[in-house]
Amino acid sequence: MYLGHQVSGVLYVSLCFVGVGGVVGTILPAAAAVNNWFVSRRAMAMAVLSLPLVMVGFLFEALRSSVEIGPRTASLTVAVIVLVLAGPLSRLIRNRPEDHDQHPDGIAPGQRRGPESDAKGCGDALALNYTWRESLRTRAFWFLVVGGAVFSVSSGGLFFNALMMRQSGFEPVLSGGALWIDRAAAILFVLVGGWLGDHFPIRSAMFVIGLLEACAVGVLAFAETLPMFYLSAAIAGVGTGGMLPLTLAARGVYFGRRNFATITGLSLMLPNLVSGGALAGILIAWLSEITGAYTLPLAIIAVIGAVGSLAFLFLGDPKLAPSQNSRLEMAVHLPEG
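The rules behind these values
- Residues numbered from 1 in each chain as written.
- Predicted model: local features only at pLDDT ≥ 70, side-chain atom pairs only at ≥ 80, totals over all residues.
- Heavy atoms only, no water.
- Core = buried A, V, L, I, M, F, W, Y, C linked by side-chain atoms within 4.5 Å.
- Buried < 20%, exposed > 50% of the residue type's maximum accessible area, 1.4 Å probe, protein only.
- Helix = DSSP H or I, 4+ residues; strand = E, 2+ residues; numbered from the N terminus.
- Contact = heavy atoms within 4.5 Å.
- Phe/Tyr/Trp six-rings, centres within 6.5 Å; stacked < 30°, edge-to-face > 60°.
- Salt bridge = Lys/Arg side-chain N within 4 Å of Asp/Glu carboxyl O.
- pLDDT = per-residue confidence, 0-100.
- Axes fitted to C-alpha atoms, helices over the stretch in contact; angles between N-to-C directions.
- Parallel < 35°, antiparallel > 145°, perpendicular 65-115°, else oblique.
- Left-handed = near helix turned anticlockwise from the far one by under 90°.
- Nonpolar A, V, L, I, M, F, W, Y, C, P; charged D, E, K, R; others polar.
- Expected span 1.5 Å × (residues − 1).
- Bend = angle between axes of the 7 residues up to and from the residue.

We now examine the nonpolar core. Formed by 31 residues in total, the largest nonpolar core has its most connected members in Met 46, Leu 144, Ile 202, Met 206, Tyr 254, Phe 255 and Phe 312. When contributions to this core are tallied by element, the ones reaching two or more residues are helix H1 (8–37), helix H2 (42–65), helix H5 (139–157), helix H8 (202–221), helix H9 (226–255) and helix H10 (260–274). No other element matches the 8 residues that H9 contributes to this core. If we ignore the near neighbours within four places in the chain, the residues touching Phe 312 are Leu 144, Gly 147, Gly 148, Arg 203, Met 206, Phe 207 and Met 243. Core analysis: the second largest hydrophobic core is formed by 23 residues, Phe 160, Ala 178, Ala 280 and Tyr 294 among them.

Here is the structure:
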């Protein structure tokens, strides 16, 4: 459909198909399957899942911007690959280990687990079993929404990197270099984010990554030289890459397995409705007209990002769903025999 985008309506419909298909047909079901199979190394498993997504995006951008290939050939190539592989790959994916007489992490219930630990805030997806309605009544859900919305605002501010470089007189090749640095750093730090999520409380890892994204905006606010612009891009890539697996793993940590995709979809949809990138753009455009520079609006966004990252620290430890607590209480009070 994108190849026929001379008609504007076709272009918009194709973008909607890509957006819906990417989330509903790939990210959510794949993350749900990974969440069903992994507990003790859930964050790293999500990182391994996310890494090809980031790498393919990097590769597609390179093909699209190539003079020899161009956007049309690149888009057609991606479409053909997806159509060829979608069927066979969908048959290879196994949704739940129990359907195949296996168990998450290969460990049967009641057996001793490794050093994965509730003390680290990683929780146990086997123990948690939230319905989507129960998740909406938890503070963890809303702190994840707030933290995600603020992170998207910080990320939105970083879109002005290339524009600021061009206005500062840098050549398009140099301003484009910031984009490549951003994406290369994102690829490198996807696995780092997964490692952090498995070895430290996931709320602490998300706070640090969110703070790094705010720092990237802060560096951009005062950037005037090429190294400063590139430093901002590199830190932004670290934040984007590191947060991707943590965002998915955190939903499994706090809400369990049964309704993971529904809860994840809800909690990720709400920040997108707020449209942090658009809010950042409006704020920057408005204040830059008043002040004549980008420094103040970007500094404000950096402060918002730093303060908003605190939402992740308030997630607390994972807790059983109210319905599970009720069943436990009934089991305790039932007479033996």
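After that view, the rundown keeps rolling.
Turning our eyes to something else, we now look at the packing of aromatic side chains. Here the structure, examined in full by the defined rule, presents 6 aromatic pairs. Plain terms: the ring middles of Tyr 130 and Phe 255 are 5.4 Å apart, the flat faces sit at 90° to each other, and that makes the pair edge-to-face. Here the residue Tyr 130 occupies a position in the loop between helix H3 (70–92) and helix H4 (132–136), and Phe 255 occupies one in helix H9, the gap between them amounting to 125 residues. Taking relative accessible area as the criterion, Tyr 130 reaches 5% and is therefore assigned buried. Between the aromatic rings of Phe 141 and Phe 255, the centroid separation amounts to 6.3 Å while the plane-to-plane angle is 65°, which identifies the pairing as edge-to-face. Here Phe 141, found in helix H5, pairs with Phe 255, found in helix H9; they are 114 residues apart in sequence, far enough to count as distant. Assessed through its relative accessible area of 2%, Phe 255 is described here as buried. Taken together, the ring pairs in this structure connect Tyr 130, Phe 141, Trp 142 and Phe 255 into an aromatic cluster.

So, on to unusual backbone geometry. Positioned with a positive phi, Asp 101 is a non-glycine residue whose angle comes to about 60°. By the secondary structure assignment, Asp 101 is in the loop between H3 and H4. Looking at Asp 101, the relative accessible area reads 75%, which means it is exposed. Phi is positive for Asp 105, which is not a glycine, with a value near 65°. Locating Asp 105 in the fold gives a position in the loop between H3 and H4. Take Asp 105: its relative accessible area is 25%, and that puts it in the partly exposed class.

Further remarks concern the environment of Pro 97. Here Pro 97 is to be found in the loop between H3 and H4. Of the residues examined, Pro 97 reaches a relative accessible area of 0% and is grouped as buried. Spatially, the C-alpha atom of Pro 97 lies 7.1 Å from that of Asn 36, the residues being 61 residues apart in sequence. Excluding residues that lie within four positions of it along the chain, Pro 97 makes contacts with Asn 36, Trp 37, Gln 102, His 103, Pro 104 and Arg 257.

So, on to the pattern of salt bridges. Under the criterion given, the structure shown has 4 salt bridges. With a shortest N-O distance of 2.9 Å, Arg 96 and Asp 99 are connected by a salt bridge. On the accessibility criterion, Asp 99 (48% relative accessible area) is partly exposed. Two residues, Arg 257 and Glu 98, come together in a salt bridge whose shortest N-O distance is 3.0 Å. Linking Arg 257 in the loop between H9 and H10 with Glu 98 in the loop between H3 and H4, this pair joins segments that are 159 residues apart in sequence. A relative accessible area of 14% places Arg 257 in the buried class. Given a relative accessible area of 29%, Glu 98 falls into the partly exposed group. Because the salt bridges share partners, they merge into one network encompassing Arg 96, Glu 98, Asp 99 and Arg 257.

Secondary-structure assignment places Thr 264 in helix H10. Excluding its chain neighbours within four sequence positions, the residues that come into contact with Thr 264 are Leu 28, Leu 248 and Arg 251.

Our next topic: the confidence of the model for the protein chain. Mean pLDDT over the protein chain stands at 82; residues scoring 70 or higher make up 85%. Between the elements of the protein chain, mean pLDDT differs from a low of 61, seen in helix H14 (residues 322–333), to a high of 94, seen in H8. Counting contacts from residues 114–126, a segment whose pLDDT is below 50, to residues more than four positions away or on other chains yields 41 contacts.

Across the interface, H8 lies against helix H12 (residues 295–308) with an axial gap of 8 Å and an inter-helix angle of 170°. Here H8 is positioned roughly antiparallel relative to H12, judged by the angle of their axes. The element H8 and its partner H12 pack so that their crossing is left-handed. Here Gly 210, Leu 211, Ala 214, Val 217, Gly 218, Leu 220 and Ala 221 of H8 lie close against H12, whose contacting residues are Thr 295, Leu 298, Ala 299, Ile 301, Ala 302, Gly 305 and Ala 306. Residues of the contact of H8 with H12, tallied by class, amount to 10 nonpolar, 4 polar and no charged.

Attention shifts here to H3. Taking 1.5 Å as the rise per residue, H3 with 23 residues should run 33 Å; its terminal C-alpha atoms sit 33 Å apart, in good agreement. Of all bends in H3, the biggest is about 40°, found at Ala 86, and the proline Pro 88 comes one to four residues later.

The subject of this paragraph is the packing of H5 against H8. One way to put it is that H5 packs onto H8 with a least axis distance of 9 Å and a crossing angle of 25°. By the criterion of interaxial angle, the relationship of H5 to H8 is roughly parallel. The handedness of the crossing between H5 and H8 comes out as left-handed. Between H5, through Leu 144, Phe 151, Ser 154, Ser 155 and Gly 157, and H8, the contact on the second element is made entirely by Met 206, Ile 209, Gly 210, Glu 213, Ala 214, Val 217 and Leu 220. Residue composition of the contact of H5 with H8, by class: 7 nonpolar, 4 polar and 1 charged.

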